[in-house]
Amino acid sequence: MWELLMLLVLSFTYFFWPKLKSSDVKYPQSLPSLPLVGSLPFLPRHGEQHVNFFKLQEKYGPIYSFRLGTKTTVMVGHHQLAKEVLIKKGKEFSGRPQLVTLDILSNNQKGVAFASHGAWQLHRKLVQATFALFKDGSQRLEKTICQEISLLCDSLATLDGQSIDMFELIFLMVTNVICTICFNLSYKYGDPELEIMQKFNMGILDSLGQETIVDIFPVLKIFPNKTLEKLKESVKFRNELLTKILEKYKENYTGDSTTSMMDVLIQAKTNYADSDSNSTLLSDEYILATINDIFGAGVAPTTSAIQWTIAYLLHCPQLKKRIQEEIDQNVGFSRTPNIRDRNHLLLLEATIREVLRIRPIAPLLIPHKAMVDSSIGTFTIDKGTDVIVNLWALHHNDKEWAQPDQFIPERFLDPTQSHLITPSQSYMPFGAGPRSCLGEMLARQEIFITMAWLLQRFDLDVPDDGKLPSLDGSLKVVFLTEAFKVKVQIRQAWKEAHAEESL
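The model shown is predicted, which means the values in this text are computed figures rather than measured ones. (Residues numbered from 1 in each chain as written. Predicted model: local features only at pLDDT ≥ 70, side-chain atom pairs only at ≥ 80, totals over all residues. Heavy atoms only, no water.)

With that out of the way, let us pick up the packing of aromatic side chains. For the structure on display, the rule yields twelve aromatic pairs. With a centroid separation of 6.2 Å and an interplanar angle of 40°, the aromatic rings of Trp-308 and Tyr-312 are classed as tilted. Of this pair, Trp-308 and Tyr-312 both sit in helix α12 (residues 300-315), separated by four residues, roughly a single helical turn. Neither residue differs from the other here; Trp-308 and Tyr-312 are each classed as buried. Both rings, one in Trp-401 and one in Tyr-427, keep their centres 6.1 Å apart while their planes meet at 70°; by these two values the pair is edge-to-face. Taken together, the residues span a long stretch of sequence, with Trp-401 in the loop between α15 (391-395) and α16 (440-457) and Tyr-427 in the loop between α15 and α16 at a distance of 26 residues. Following the ring pairs from residue to residue traces out a cluster consisting of Trp-308, Tyr-312, Trp-392, Phe-407 and Phe-479. (Phe/Tyr/Trp six-rings, centres within 6.5 Å; stacked < 30°, edge-to-face > 60°. Helix = DSSP H or I, 4+ residues; strand = E, 2+ residues; numbered from the N terminus. Buried < 20%, exposed > 50% of the residue type's maximum accessible area, 1.4 Å probe, protein only.)

Summary statistics for the protein give a mean pLDDT of 89 and a share of 92% for residues scoring 70 or more. Counting interchain partners and residues more than four positions distant, the pLDDT-below-50 stretch residues 1-20 has twelve contacts. (pLDDT = per-residue confidence, 0-100. Contact = heavy atoms within 4.5 Å.)

For helix α5 (residues 119-133), with 15 residues, the first-to-last C-alpha span of 21 Å sits near the 21 Å given by 1.5 Å per residue. Those residues of α5 that fall on the buried side of the exposure criterion are Ala-119, Trp-120, Leu-122, His-123, Arg-124, Leu-126, Val-127, Thr-130 and Phe-131. Of the surrounding secondary structure, the elements contacted by the buried residues of α5 are α7 (167-183), α10 (261-271), α11 (284-298) and α16. (Expected span 1.5 Å × (residues − 1).)

A general tendency of soluble globular proteins is for nonpolar side chains to be buried together. Residues Met-166, Ile-291, Phe-295, Ile-310 and Leu-454 are the most contacted members of the largest nonpolar core, which totals 121 residues. The contact partners of Met-166, leaving out residues within four places of it in the chain, are Leu-156, Gln-307, Ile-310, Leu-454, Leu-460, Val-486 and Val-488. Grouped together as the second largest cluster of nonpolar side chains are 19 residues, Ala-82, Leu-365, Ile-381 and Met-428 included. (Core = buried A, V, L, I, M, F, W, Y, C linked by side-chain atoms within 4.5 Å.)

Moving on to the sheet that holds strand β2 (residues 71-76). Whether parallel or antiparallel, the strands of a sheet pair through hydrogen bonds between backbone atoms. Reading across the sheet, the four strands line up as β1-β2-β7-β4 and stay open at both edges, with mixed pairing between neighbours. Of all strands in the sheet, those bounded by a partner on one side alone are β1 (63-68) and β4 (368-369). Relative to strand β7 (residues 386-389), β2 runs parallel, the two sharing four bridges. The residue of β7 that forms the bridge with Val-76 is Val-389. Lying on the sheet, helix α2 (residues 49-60) is in contact with β1 and β2; it crosses β1 at an angle near 115°. (Pairing = 2+ DSSP bridges. Axes fitted to C-alpha atoms, helices over the stretch in contact; angles between N-to-C directions.)

Another point: the pattern of salt bridges. Overall, the coordinates contain 22 salt bridges when judged by the stated rule. Salt-bridge contacts for Lys-320 lead to Asp-461; the nearest nitrogen and oxygen are separated by 2.6 Å. With a gap of 141 residues between them, Lys-320 in helix α13 (residues 317-330) and Asp-461 in strand β8 (residues 458-461) connect regions that are remote in the sequence. Measuring nitrogen to oxygen at the nearest pair gives 3.1 Å for the salt bridge that ties Arg-411 to Glu-354. Separated by 57 residues along the polypeptide, Arg-411 in the loop between α15 and α16 and Glu-354 in helix α14 (residues 346-358) bring together distant segments of the chain. The network of salt bridges with common partners includes Glu-247, Lys-250, Lys-269 and Asp-284. (Salt bridge = Lys/Arg side-chain N within 4 Å of Asp/Glu carboxyl O.)

All right, on to the side chain of Ser-65 then. Positionally, Ser-65 belongs in strand β1. Discounting residues that sit within four places of it in the chain, Ser-65 has contacts with Pro-28, Gln-29, Ser-30, Leu-31, Thr-72, Thr-73 and Val-74.

All of the buried residues along helix α3 (residues 79-88) are His-79, Leu-81, Ala-82, Glu-84, Val-85 and Leu-86. For α3, the elements touching its buried residues are β1, β2, β4, β5 (374-376), β7 and α15.

Once that is clear, we can look at the pairing of β2. Examined bridge by bridge, β1 and β2 share six bridges and lie antiparallel to one another. Paired with Phe-66 across the two strands is Thr-73, which belongs to β2. Between β1 and β2, which pair antiparallel and follow one another directly, the connecting turn spans two residues, one of which, Gly-69, has a positive phi of 65°.

This is the structure we're talking about:
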């Protein structure tokens, strides 16, 4: 009996214990590891993951590894090492790990965000071509954003003096910008399709925000799993709605003009239909996956960043007042702010940059995978190793940032506060390299113009019950604020300026 038990233990150890490494090869220091479960028992179980991984750097240094099941993951928490992964060796680390949850989300690694092979480079180029449509001389992207923000402001004006949760209105605005870019369509508040979008968006975020053991032990997916079922249901709602929109778009497609992402993708499919091997990578499944990724990358992160900005301004009323004075002096009330005002509304831009530092949209970047044997710094990284960049660690390193846990927008201004600066190279809120966030330009414009319009027209104050928003947040892939209310009041200066115009 004991002999049999010992044989089983040795067998498990042989197959699941990390293989011995050559003595002349240097690997990142590893957390303790056990057969089968890897380092799972030694990872902190409470608190936010990004904070826990940052704290582990105190013991293991800015790069270390751990094992989840039989898979090795390397955690990177210093900007020089992060840039080596993302930029210098971006192609070598351009892969994505295959996880059960992400396979469900991406229809088995299709699209732009989660694919390791094949389509992602082609689809990334097509998405970039779409954004190029909105960079022409007509400033079409800015007009699209401003049109939706104007509707947001009109809705808020009807709620003058009330304390409200602005999330749904902001979500509508950001969703309509993405829908215009993708399909040339938009929704009104209360539209059933918009409600479906909000439902599946939150369902996906909630599911991905739950720790699920199947990503460590995929064999367990055969057993009932409430998180996986919720994710599958949310993805089903998403796919059904976007497929319906896609089919309707195709029915009306003429090819006469190129005005949206769907036009770009359908044209590419037509061009490659006959002989090119890329034709398979432009099937409706792949097109739908890319549209899904653009929605995922374009809606929740921007909505969250705007919510975080408002939350911090409620905590810093004097800062809000100074930004409004800056807007009054440089823009006034005879016109609405535009993206060119970024060169003049320096305190507002610095505030947004500080929000993206202290509460990064994705504290842990989407994991990368080594496509070849490579290295990070002086350490060897084997092919197939997962690599995660801890953006939270980069943005909260006290050797790079003075008082990193304090909200100090002025750190992004020079001492005279006359121009913007980058105080540390440890700042990359949208990642970097070949797999950086495709929507960075869009997000930056949306956040800036939205906040400029809101603060020009409204006072955003603490609600009558005096409850300030929590600044703790909740990591669900995207770092979300907890729900909070804000008292929305039309500024007296705005009223007086527009009263004079009407005389």
